[in-house]
Structures are given as structure tokens and as C-alpha cells.
Amino acid sequence: TVFYTHLALKNAYNAAVEGDIITLSEGEFDADFDFSKSNITLRGAGMLEDTVVGTLPTTIRGRITFKDSVSNCTIEGIHLDYEFRIEASSNFTVRRCRLYRVQKDGGDTASGYNFYSCVIHELDLYGNNPNDACWINSNFFNCIIARDNSSGSLGGGYGTLYGSHVRLINCYVQVDHPGDANY
């Protein structure tokens with residue numbers, strides 16, 4: 001099924017069943033909704049303008065929250081201009097995306113997240129309690145992570161990346177106050 005207009009993402013998601021691939025063209029789409037379905041792939045035309053090929057990015061305006069029962073989803077080629085929220089979900093792959101904010105909500109763990117070649121402007125890797133290990137077996141490969149909020153630290157308000165087996169591999173990480181970041 002083909003959906004048109006800025007509401008195409010919402011309409012395609014509502015019609016999707018487990019195992020579906022939602023393919024978005026270049027352009028802007030409205031969001032602000034919760035993903036509650038597992039095993040869905042969301043694929044866009046790219047996170048940046050490609051002047052050689054002549055394509056514009058796929059931009060999602062708003063917040064997307066992955067609910068705590070969701071697993072085995074893939075997102076690729078998307079520019080999300082507000083918030084990518086994660087509850088206690090597992091086994092996600094994010095490729096070639098530009099994300100304004102990635103935030104882990106709640107004290108439960110997020111397990112098996114893999115970010116490949118992403119640009120992340122604000123990465124909050126903390127739970128509700130500094131003793132929470134909220135990220136388990138999660139990896140960031142070839143990512144650019146720029147921390148530009150008022151806390152000035154990679155780990156969010158607590159200043160520490162809380163988790164077990166969280167790896168930043170071949171990543172560029174920028175923090176405003178390097179002495180405050182513990183990772």
C-alpha cells in the first residue's frame with residue numbers, strides 16, 4: 001500500500017504488521033507517536049542531502065518512542081529532528097541516521113542496540129537512578145556524538161555512562177566539559 005502526504009509515516013505504521021518494511025521517500029513527515037510493534041523496518045532516502053544523486057533527506061518532525069515490549073526493529077536513512085526515545089526494548093539496529101536526541105527512559109534496561117554511521121547531537125545514556133545499568137550490550141560504530149546540552153556531559157544529568165558492555169567503536173565524541181564526562 002502506498003501512503004501520501006506528511007501523514008504517510010503514521011498511516012503506514014498503523015497499517016504495518018510484524019515483518020513489514022516501511023519505506024519513506026525524501027521529504028518531511030510528521031511524527032509524535034509510540035512504536036508498539038516489533039520486527040518493523042523503517043527505511044528513508046537518507047539523513048543528508050545528496051547533491052551528486054540529487055536527493056533530499058527523509059526528515060521526521062517530532063518524537064518517536066519505542067515502547068518497552070518492542071524488539072527487533074531497524075531504522076535507516078532517517079533524519080529525526082526531535083527525539084528518539086527508548087523504553088526497555090531490545091535488539092534494535094539504527095543505520096545512517098541523524099538523530100537530534102537519543103534518550104533512554106525509565107530505570108529498566110535497553111539491550112542489544114547497535115548504531116552504525118549515525119550522527120547523534122545529544123545522547124542521554126542514563127536511567128532514573130545513577131545505579132541503574134540501563135544500557136546492556138549496546139554498540140556505537142563509526143558514529144559522531146556531540147553533547148551540547150546544559151549538563152555538558154556524555155552521560156546525561158548524572159555525567160556517567162551507566163551500562164554494561166557499552167562500546168563506542170571508531171566514534172568521534174564531543175563534550176563541552178571533557179573533565180565531567182565519565183565513559
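Quick caveat, the model's predicted, so the values are computed rather than measured.

## Details of the nonpolar core
Membership of the largest hydrophobic core comes to 37 residues, with the highest contact counts inside it found for Ile-22, Leu-42, Ile-60, Phe-84, Phe-115 and Ile-120. The leading source of residues in this core is helix 1 (residues 8-15), at four residues. Every residue in contact with Ile-22, bar those within four places of it in the chain, is listed here: Leu-9, Ala-12, Tyr-13, Ala-16, Ile-40, Thr-41, Leu-42 and Arg-43.

## Focus on the confidence of the model for the protein
Mean pLDDT for the protein: 80, with 76% of residues reaching 70 or above. For residues 148-153, every residue scores under 50 in pLDDT, and the model assigns this stretch 15 contacts once sequence neighbours within four places are set aside. Confidence over residues 155-160 falls short of pLDDT 50; this stretch has 21 contacts with residues more than four positions distant or in other chains.

## Quick look at the pattern of salt bridges
Evaluation of the coordinates by the stated rule reveals ten salt bridges. The closest approach of N and O atoms between Glu-28 and Arg-61, which form a salt bridge, is 2.7 Å. Residue Glu-28 is located in strand 2 (residues 27-30), and its partner Arg-61 is located in strand 5 (residues 58-61); the two are separated by 33 residues in the primary sequence. Classification of Glu-28 by relative accessible area gives partly exposed; the value is 48%. Classification of Arg-61 as partly exposed rests on a relative accessible area of 33%. In this structure, the salt-bridge partner of Asp-81 is Arg-61, at a minimum N-O distance of 2.5 Å. On the criterion of sequence distance, the pair formed by Asp-81 in strand 8 (residues 79-86) and Arg-61 in strand 5 is long-range, its members being 20 residues apart. Three or more residues joined by partner-sharing salt bridges are found here, namely Arg-43, Glu-76, Arg-95 and Arg-96.

## Some thoughts on the state of the cysteines
Counted under the stated rule, the structure contains zero disulfides. With no disulfide of its own, Cys-118 lies 4.7 Å from the sulfur of Cys-143, the closest cysteine sulfur. Cys-171 takes part in no disulfide bond, and the closest cysteine sulfur, belonging to Cys-143, lies 4.7 Å away. Residue classification places Cys-171 among the partly exposed positions, given a relative accessible area of 23%.

## Thoughts on the pairing of strand 5
Across four bridges, the pairing between strand 2 and strand 5 is parallel. Among the inter-strand pairings, Asp-30 is bridged to a residue of strand 5, identified as Arg-61. Pairing of strand 5 with strand 8 involves two bridges; the strand directions are parallel. Within the sheet, the bridge partner assigned to Thr-59 lies in strand 8 and is His-79.

## Focus: the packing of aromatic side chains
Aromatic rings in a pair are described by how distant their centres are and how their planes are angled relative to each other. A complete count under the given rule lists eleven aromatic pairs for this structure. Taking 5.2 Å as the distance between ring centres and 40° as the angle between the ring planes, the aromatic pair formed by Tyr-13 and Phe-33 counts as tilted. Taken as a pair, Tyr-13 in helix 1 and Phe-33 in strand 3 (residues 33-35) lie far apart in primary sequence, 20 residues in all. Neither Tyr-13 nor Phe-33 differs from the other in exposure class; each is buried. Both rings, one in Phe-66 and one in Phe-92, keep their centres 4.8 Å apart while their planes meet at 75°; by these two values the pair is edge-to-face. In this pair, Phe-66 sits in strand 6 (residues 63-66) while Phe-92 sits in strand 9 (residues 90-95), placing the two residues 26 residues apart along the sequence. Phe-92 carries the same exposure label as Phe-66, and that label is buried. Grouping aromatic residues by their ring pairs yields a cluster made of Tyr-13, Phe-33, Phe-35, Phe-66, Phe-84, Phe-92, Tyr-113, Phe-115 and Phe-140. A cation sits over an aromatic face here: Lys-37 above Tyr-13, 4.7 Å from the ring centre.

The rules behind each value
Residues numbered from 1 in each chain as written. Predicted model: local features only at pLDDT ≥ 70, side-chain atom pairs only at ≥ 80, totals over all residues. Heavy atoms only, no water. Core = buried A, V, L, I, M, F, W, Y, C linked by side-chain atoms within 4.5 Å. Buried < 20%, exposed > 50% of the residue type's maximum accessible area, 1.4 Å probe, protein only. Helix = DSSP H or I, 4+ residues; strand = E, 2+ residues; numbered from the N terminus. Contact = heavy atoms within 4.5 Å. pLDDT = per-residue confidence, 0-100. Salt bridge = Lys/Arg side-chain N within 4 Å of Asp/Glu carboxyl O. Disulfide = S-S within 2.5 Å. Pairing = 2+ DSSP bridges. Phe/Tyr/Trp six-rings, centres within 6.5 Å; stacked < 30°, edge-to-face > 60°. Lys NZ or Arg CZ within 6 Å of the ring centre and 35° of its normal.

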